[in-house]
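Coordinates in review
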Amino acid sequence: MRRVLLHLLPLFVVGFAGGAQAGRPTYELTIRDGRFEPATLEVPARQRFKIIINNAGSGPTEFESTPLRVEKVLSAGVTSFVVIHPLKPGRYPFFDEFHMDLPEGEIIAK
């Protein structure tokens, strides 16, 4: 019986961790050769959230924000994510350091 419980423990931990994140708001952001789609993300203030980032471009891209202290580099065709800490109401710019000549995106926390 003890052996069965030890085998089930990892399943319980994985299930519990997944459930804890189920309520977290999640947003999708596509970066295509330095252009953000959508260019603006509206998020709830004072709540953690997740951004799923997809590089749909032909080369490397970077999601970077100085005020958010986050940086994520993705190769072409790669999807990844970042979790952002609770934000005060306001605007938070982000950019692609590989394409500094193109407009920035922004997160608006309300």
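Computed from a predicted model, the values in this text were never measured in an experiment.

On to the environment of Val82, then. Positionally, Val82 belongs in strand S7 (residues 79-84). Take Val82: its relative accessible area is 7%, and that puts it in the buried class. As a C-alpha pair, Val82 and Lys72 span ten residues in sequence and 7.7 Å in three-dimensional space.

What follows covers the sheet that holds S7. Reading across from one edge, S2-S1-S4-S7 is the order of the four strands in this open sheet, with mixed pairing throughout. Looking along the sheet, the strands with just one partner apiece sit at the ends: strand S2 (35-37) and S7. Each adjacent strand pair in this sheet contributes to an overall mean axis angle of 25°, direction not counted. Two elements, strand S4 (residues 49-55) and S7, share six bridges in a ladder whose sense is antiparallel. Residue pairing in the sheet places Ile52 in a bridge with Phe81 of S7.

Right, let's get into the packing of aromatic side chains. Considering all chains together, one arrives at three aromatic pairs under this definition. Measuring from ring centre to ring centre gives 5.9 Å for Tyr27 and Phe49, while their planes differ by 85°; the resulting arrangement is edge-to-face. Residue Tyr27 is located in strand S1 (residues 26-32), and its partner Phe49 is located in strand S4; the two are separated by 22 residues in the primary sequence. Relative accessible area serves as the criterion here: at 0%, Phe49 is assigned to the buried category. Taking the centre distance of 4.8 Å and the plane angle of 90° together, the rings of Phe36 and Phe94 count as edge-to-face. Of this pair, Phe36 sits in strand S2 while Phe94 sits in strand S8 (residues 90-94), and the two are 58 residues apart along the sequence.

To continue, consider unusual backbone geometry. Cis geometry marks the peptide bond from Glu37 to Pro38; its omega dihedral reads 0°. When you line up the elements, Pro38 lands in the loop between S2 and strand S3 (40-43). For Arg46, which is not a glycine, the phi torsion comes out positive at approximately 60°. For Arg46, the location among the structural elements is in the loop between S3 and S4.

Scoring rules and cut-offs
Residues numbered from 1 in each chain as written. Predicted model: local features only at pLDDT ≥ 70, side-chain atom pairs only at ≥ 80, totals over all residues. Heavy atoms only, no water. Helix = DSSP H or I, 4+ residues; strand = E, 2+ residues; numbered from the N terminus. Buried < 20%, exposed > 50% of the residue type's maximum accessible area, 1.4 Å probe, protein only. Pairing = 2+ DSSP bridges. Axes fitted to C-alpha atoms, helices over the stretch in contact; angles between N-to-C directions. Phe/Tyr/Trp six-rings, centres within 6.5 Å; stacked < 30°, edge-to-face > 60°.

That's the geometry; what it means functionally is another story.
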